[in-house]
Amino acid sequence: MTAHLVTNVGELVTWDADRPVMHDAAFVVEGGRISWFGHRRDAPAADTSSDVAGAAVIPGFVDSHTHLVFAGDRSAEFEARMTGEPYAAGGIRTTVAATRAAPDELLAATVARHLAEMRAQGTTTAEIKSGYGLTVLDEARSLAIARGFTDETTFLGAHVVPEGTDAAAYVELVTGPMLEACAPHARWIDVFCEDGAFGEDEARAVLEAGIAAGLLPRVHANQLRHGPGVQLAVELGAAAADHCTYLTDDDVEALAGSGTVAGLLPGVEFSTRQPYPDARRLIDAGVTVSLATDCNPGSSYTSSMPFCIAVAVRDMGMSPREALWSATRGGAASLRRDDVGHLSVGAKADYAVLNAPSYVHLAYRPGVPLVAAVV
Ligand SMILES: [Zn+2]
């Protein structure tokens, strides 16, 4: 096996327990995994090497929440909202119509384009949800397309009740034939638990059916107002309760005592002019927090994890280090992955070289393309 040494790393973020952030560092990659890291002067001999000239190296971002299988454009809706109209979950239906009408090739090309955009900004692992098909056929093909790009695929047939369908009948479909067609292409089951989407009993039925079919649960919870989503996620042992914008003290306490990661998606609040979730409150309570883009054409059309980090630091009470952790290790925890989101020995060698001496620049220089290379 060939060993490749990356040296002259000005700042290396590994998230290793003993040496989470090192200066004047180096690391060795063998067989696609980190086999050694430490001070540059201690670096072992290797077959090949590269010198990053004092740049910072961070783990590739783990974007644990995206909706990349879609067609159509909703910039007019965004403009209307920025001109004073409130965000409502029903906007999803616009994308559903466009997605159903799109051929597979167009949907796949759209996913590929967005993943390339994300990778250029440092993302090396991405979750992708269905949820703009809302028929057995369209949900299954959305997931089959997503599976061509990532193992982290999520069945979100319960995104919204499609127009002209009775809610109870739709839940029957989602938990029956649609789940059966989608489960082979999915790792996760998800539900949008919110007024205007699915209530507590419906959400529970969807998640329990998914679990019975071998999928792991995650939940869209407490985005627009207080609600039962977070408690349900914790009760069912979900890997993630994403959004967490409106939380009671009981919600925070439940998350803190659980294995459920609170996924914060600041692009949504940015793009809908809603109040940001309070990351400080969650972290201080001992909750594991992830940051993700929620990249989708309606409520958060950003693919940039550095943007999310900058907003989280500026407006959600996170330190730059906490925000980077949540965008890497926190995202991995949300996807129950140990092999990504860090660069300690044994991790996949998924990393980003920054055009900066420190990861702090991700928040310090918002909007600047700082990712020089992604491996
Ligand atoms: Zn979402």
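All values reported here derive from a predicted model rather than from experimental measurement. (Residues numbered from 1 in each chain as written. Predicted model: local features only at pLDDT ≥ 70, side-chain atom pairs only at ≥ 80, totals over all residues. Heavy atoms only, no water.)

Draft legend 1. Representation of the overall build of the chain within the structure. Across its full length, the chain carries 13 helices and 16 strands. Considered along the principal axes of its C-alpha atoms, the chain spans approximately 65 × 45 × 40 Å. Burial status across the chain gives 56% buried among its 375 residues. Sequence-distant contacts in the chain: of pairs separated by 6 or more residues, those separated by 24 or more amount to 68%. Carbon and sulfur atoms form 52% of the exposed surface of the chain, whose accessible area is close to 14,100 Å². Looking at charge distribution, the chain has the averaged site of its 27 positive side-chain charges lying 5 Å from that of its 47 negative ones. (Helix = DSSP H or I, 4+ residues; strand = E, 2+ residues; numbered from the N terminus. Buried < 20%, exposed > 50% of the residue type's maximum accessible area, 1.4 Å probe, protein only. Contact = heavy atoms within 4.5 Å. Areas by Shrake-Rupley, 256 points an atom, 1.4 Å probe, with all protein chains shown as cover. Lys, Arg positive; Asp, Glu negative; His and termini not counted. Charge placed at Lys NZ, Arg CZ, Asp CG, Glu CD.)

Draft legend 2. Focus on the packing of helix 5 (residues 167–182) against helix 6 (residues 200–212). Running from N to C, helix 5 and helix 6 point in directions that differ by 10°, and their axes come no closer than 10 Å. When the interaxial angle is binned, helix 5 and helix 6 end up roughly parallel. Contact with helix 5, carried on its side by Ala-167, Val-171, Val-174, Thr-175 and Leu-179, involves Glu-202, Ala-205, Val-206, Ala-209 and Gly-210 of helix 6 and no other residues of that element. Class assignment for the residues of the contact of helix 5 with helix 6 results in seven nonpolar, two polar and one charged. (Axes fitted to C-alpha atoms, helices over the stretch in contact; angles between N-to-C directions. Parallel < 35°, antiparallel > 145°, perpendicular 65-115°, else oblique. Nonpolar A, V, L, I, M, F, W, Y, C, P; charged D, E, K, R; others polar.)

Draft legend 3. Up close: the sheet that holds strand 8 (residues 128–129). Read across the open sheet, the seven strands follow the order 8-9-10-11-12-13-14; overall the sheet is parallel. Each edge of the open sheet carries a strand with a single partner, namely strand 8 and strand 14 (289–291). Of the strand pairs in this sheet, strand 13 (residues 261–264) and strand 14 are connected by three bridges, and their pairing is parallel. In the sheet register, Ala-262 faces strand 14, and the bridge partner there is Val-289. Across the sheet, helix 6 is in contact with strand 9 (153–158), strand 10 (188–193) and strand 11 (216–221); its angle to strand 10 comes to roughly 175°. With respect to the sheet, helix 12 (residues 320–334) is in contact with strand 10, strand 11, strand 12 (240–243), strand 13 and strand 14, its orientation differing from that of strand 14 by roughly 105°. (Pairing = 2+ DSSP bridges.)

Draft legend 4. Local environment of the coordination of the zinc ion. Donor atoms from the polypeptide that bind the zinc ion are His-65 (NE2), His-67 (NE2), His-220 (NE2) and Asp-294 (OD), placed at 2.0 to 2.5 Å. If you look at the zinc ion, its four donor atoms make angles of 81 to 169° with each other, and the shape they trace is irregular. Coordination of the zinc ion draws on donor residues from a single chain, spaced H-x1-H-x152-H-x73-D in sequence. In this pair, His-67 sits in the loop between strand 6 (61–63) and helix 1 (75–82) while His-220 sits in strand 11, placing the two residues 153 residues apart along the sequence. (Donors = N, O, S within 2.8 Å, 3.2 Å for Na, K, Ca; no water. Tetrahedral: all angles 85-135°; square planar, octahedral: opposite > 155°, others 65-115°.)

Draft legend 5. Expanded view of helix 3 (residues 104–120). For helix 3, built from 17 residues, the straight-helix expectation of 24 Å at 1.5 Å per residue is met to within 8% by its first-to-last C-alpha distance of 24 Å. Those residues of helix 3 that fall on the buried side of the exposure criterion are Leu-107, Thr-110, Val-111, His-114, Leu-115 and Met-118. Mapping the buried residues of helix 3 onto a view down its axis gives an arc of 130°, with all of them on the same face. Turned more than 90 degrees from where helix 3 packs its buried face, Glu-105 and Ala-120 sit exposed. (Expected span 1.5 Å × (residues − 1). Arc of directions from axis to C-beta.)

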